[in-house]
Amino acid sequence: MKLLVSTRKGLVVYTRKNGSWKYDTLHFKGIPICLTHYDPVHDTLWAYQDHGHWGIKVQRSRDFGGSWEEVAAPKYPEGAEVKEGVPAALNYVWAVANGGSAYPDRLWMGTVPGGLFVSEDRGETFTLNEPLWNDPKRQTNWFGGGMDHPGIHSVVVDPRDSDHVYIGISCAGVYETRDSGKTWQVRNKGLRADFLPDPYADVGHDPHLLVACASHPDHMWQQNHCGIFRTTDGAQTWQDVGEKDGPAHFGFAVAVDENDPDVAWVVPAISDEIRVAVDEALCVCRTDDGGKTWQAYRSGLPQEGCFDIVYRHSLVKSGDSLVFGTTTGNLFHSRDGGESWETISNYLPMVYAVAFVD
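Okay, so let's go over this structure.

Rules used throughout
Residues numbered from 1 in each chain as written. Predicted model: local features only at pLDDT ≥ 70, side-chain atom pairs only at ≥ 80, totals over all residues. Heavy atoms only, no water. Pairing = 2+ DSSP bridges. Helix = DSSP H or I, 4+ residues; strand = E, 2+ residues; numbered from the N terminus. Core = buried A, V, L, I, M, F, W, Y, C linked by side-chain atoms within 4.5 Å. Buried < 20%, exposed > 50% of the residue type's maximum accessible area, 1.4 Å probe, protein only. Contact = heavy atoms within 4.5 Å. Phe/Tyr/Trp six-rings, centres within 6.5 Å; stacked < 30°, edge-to-face > 60°. Salt bridge = Lys/Arg side-chain N within 4 Å of Asp/Glu carboxyl O. Polar contact = N/O pair within 3.5 Å; in protein donor to acceptor, adjacent residues only side chain to side chain.

Spatial ordering of the open sheet is given by E14-E15-E16-E17, a layout of 4 strands whose pairing is antiparallel. Both outer strands of the open sheet, strand E14 (151-157) and strand E17 (185-186), are each paired with one neighbouring strand and no more. Where strand E15 (residues 165-170) meets strand E16 (residues 173-177), 5 bridges bridge the pair, whose relative direction is antiparallel. Residue Gly168 lies in a different strand from E16, and its bridge partner there is Val174.

Within the largest apolar cluster, 24 residues are counted, with the highest numbers of intra-cluster contacts made by Tyr48, Tyr76, Val96 and Met109. Counting residues per element, the ones that place at least two in this core are strand E4 (33-39), strand E5 (44-51), strand E6 (55-61), strand E10 (92-98) and strand E11 (107-112). For this core, the element with the most residues is E10, which contributes 4 residues. Setting aside residues up to four positions removed in sequence, Met109 forms contacts with Tyr48, Pro74, Val93, Ala95, Val96, Gly115, Leu116, Phe117 and Phe126. Counting residues in hydrophobic clusters, the runner-up holds 17 residues, among them Ala95, Trp108, Trp142 and Tyr175.

This part covers the pairing of E14. Burial analysis of E14 places 7 of its 7 residues in the buried class, which makes it a mostly covered element. Both E14 and E15 contribute to a ladder of 6 bridges, which runs antiparallel. Looking across to E15, one finds that Val155 is bridged to Ile167.

For the coordinates displayed, the defined rule picks out 14 aromatic pairs. When the centroid spacing of 5.7 Å and the interplanar angle of 90° are considered together, the rings of Tyr14 and Tyr23 count as edge-to-face. You can call Tyr14 buried: its relative accessible area is 4%. An angle of 75° between the planes, with centres 4.9 Å apart, marks the rings of Phe324 and Trp341 as edge-to-face. Residue Phe324 is located in strand E27 (residues 321-325), and its partner Trp341 is located in the loop between strand E28 (331-334) and strand E29 (342-345); the two are separated by 17 residues in the primary sequence. Like Phe324, the residue Trp341 is buried in the burial classification.

This paragraph deals with the pattern of salt bridges. For the coordinates displayed, the defined rule picks out 22 salt bridges. For Arg187, the salt bridge identified is with Glu176, shortest N-O distance 2.6 Å. Pair noted here: Arg187 is in the loop between E17 and strand E18 (207-212) and Glu176 is in strand E16, with a separation of 11 residues, a long-range link. Residues Arg187 and Glu176 agree in their burial class; the two are buried. What you see here is one network of salt bridges that share partners, running through Arg60, Arg62, Glu69 and Glu124.

Attention now goes to the side chain of Ser119. As for its position among the elements, Ser119 is in strand E12 (residues 116-119). Of note is the side chain of Ser119, whose polar atom sits 2.8 Å from the backbone nitrogen of Gly123. In this structure Ser119 touches Asp105, Arg106, Leu107, Glu124, Thr125 and Phe126, once residues within four positions along its chain are discounted.

Coordinates in, geometry out; function isn't part of it.
This is the structure we're talking about:
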């Protein structure tokens, strides 16, 4: 198994040997890698660069990093505007997902400033999804959270139906399509946005990450600006399942067990302006009962003077392994469902995303 770590200074690859992670290779030394994505159907590795001078660059490897080739990045159509008078241009690649079994050559790409792109030819060309872009509420009710403009950071393809896709938008909320993007519906019922004049507005919510249980895809979780929310009915309704007086409330990353939709993990932080580890002590919270109760696990994690937080794509689970990376370059691994942790590295650049490759 490989571990892909997208960092502020390049793509770091680890290999698992005898149960431990060993440093393997470094790609694009010194260049920010905002996201890395592996396409198992075509054995293709993608890296998305956020170059300070040259902007967004898309790199592709067909030999798992042995060599790379640059692919044309998506472009917004001429005349497209984020809002009136503000031209749309690609600022960030925030989510990429394979198209599902029915569309093996398809890639979905979520971007800042809020455009969803799709490729039907393995990433050779991308087109903007016009129905979503032309949503009448996009210019008036979508807005930036951590970014200057809205961003699509989550794309979840239903494994049972490749035409069925959910996206998470900061800030707008959750949208759903059942016809490969021809039409879209808002799915924010039950969410709360305390920063809005109407906390229960139809559009304007800030999900930080949207994930689904692989074996029960109607069961979805989101780590939200205003809590932790869960749905068991395919996002028709959401329930707040975060702790009111405990650490499991605010954060960015969330992971759900592949087989048990009631089991999920978050890495909490102090909310809003502060955004550091709670009580300057790092913990991982797990629920085994769908959010009714949470347990904070700390063994192996720093418990004083800790300012780490974990970005939305920087916690991942596969089988018996959980891994997360932090904003201060720490990388941790658990073999027991998050109850204890061991350090992979304390010396990485800021971690933007982590991903497993079997």
